[in-house]
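Overview (structure and organization)
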Amino acid sequence: METRLELDVLIYPDEVRIATPEDLGDWELETASQVSIPTVRLFVALYPYNPAAMSPNHETAAEELPFVPGQIIKVTGDKDADGFYHGESGGLSGYVPSNMVAEIPVDDEYLKHLLMQQGFLPVDHTGMSLTPDLSDVTSIPDSGVVRRMVALFDYDPWESSPNMDSEAELGFRSGDIIYVLGDMDQDGFYYGDLHGQRGLVPSNFLQLLPWD
């Protein structure tokens, strides 16, 4: 009876030798390090999307993800040649048209978890900025409510604010922790404190954080 023995060999320009267990272990580690892990990003829907009625790809509409404005979508990988991401939200997964969503620039994994739990963000999809009443911003609100929030986006009042009195607003960067004093006003702005600086902050740029 013929017996076959299978061996792994390493081929070099000047030699061929049998691979040792250490060689195989090193090769497996090197191969694993070269496997790219898809990047997970969060997007927010800017418009309602019903694939059955709106998809340009009628034959594959069932593979696309329906959503409503403000819905948070977890996206894996880059968009394809047709301009679609692959995402999931609300227990469903499917293709997402890139021109109907905007990326939320956040890298912190805990914040990503909080956003996915919340499921929605307030979205101004009309393109119009909020215009708060800046007549009196010197006093602290009387409600006594203080909330701890994190900035989701960069905000520079000098560049982004439509108000001539933009110095009354508080500039911040994504990831900054802002302590909000009192309740949101009728224009959607809080009065916040960042490192001792106080001013108006747009509520749709912030996410509530629990107290430690």
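Quick caveat: nothing in here was measured; it's all calculated off a predicted structure.

Turning our eyes to something else, we now look at the pattern of salt bridges. If you walk through the whole model with that rule in mind, you get 6 salt bridges. A salt bridge links E103 to R41; the nearest nitrogen and oxygen atoms lie 3.3 Å apart. Note that E103 is positioned in strand 7 (residues 101-104) and R41 in strand 3 (residues 40-45), a separation of 62 residues in sequence. Among the residues examined, E103 registers a relative accessible area of 37% and is labelled partly exposed. One network of salt bridges, in which partners are shared, links R41, D78 and E103.

What follows is about the sheet that holds strand 5 (residues 84-89). Taken in spatial order, the 5 strands of this open sheet run 6-5-4-3-7, and their pairing is antiparallel. Every other strand in the sheet has two partners, leaving strand 6 (92-97) and strand 7 as the edge strands with one partner each. Along the sheet, successive strands turn relative to each other by an average axial angle of 40°, direction set aside. Across 6 bridges, the pairing between strand 5 and strand 6 is antiparallel.

With respect to the helices, strands and loops of the structure, Q71 is situated in the loop between helix 2 (51-54) and strand 4 (72-76). Residue Q71 is classed as buried on the basis of its relative accessible area of 11%. There is a polar contact of 2.9 Å between the side chain of Q71 and the side chain of S89. Not counting chain neighbours up to four residues away, the residues in contact with Q71 comprise F43, V44, A45, P66, S89, G119 and F120.

With that out of the way, let us pick up the sheet that holds strand 8 (residues 146-151). The 5 strands lie next to each other as 11-10-9-8-12, forming an open sheet whose pairing is antiparallel. Both outer strands of the open sheet, strand 11 (197-202) and strand 12 (206-209), are each paired with one neighbouring strand and no more. Sheet twist, expressed as the mean angle between neighbouring strand axes with direction ignored, is 45°.

Predicted confidence across the chain gives a mean pLDDT of 76, with 72% of residues reaching 70 or more. Per-element averaging of pLDDT across the chain places strand 1 (residues 9-11) at the bottom with 60 and strand 5 at the top with 94. Counted against residues more than four places away or in other chains, residues 124-144, with its pLDDT under 50, gives 40 contacts.

About the criteria used
- Residues numbered from 1 in each chain as written.
- Predicted model: local features only at pLDDT ≥ 70, side-chain atom pairs only at ≥ 80, totals over all residues.
- Heavy atoms only, no water.
- Salt bridge = Lys/Arg side-chain N within 4 Å of Asp/Glu carboxyl O.
- Helix = DSSP H or I, 4+ residues; strand = E, 2+ residues; numbered from the N terminus.
- Buried < 20%, exposed > 50% of the residue type's maximum accessible area, 1.4 Å probe, protein only.
- Pairing = 2+ DSSP bridges.
- Axes fitted to C-alpha atoms, helices over the stretch in contact; angles between N-to-C directions.
- Polar contact = N/O pair within 3.5 Å; in protein donor to acceptor, adjacent residues only side chain to side chain.
- Contact = heavy atoms within 4.5 Å.
- pLDDT = per-residue confidence, 0-100.

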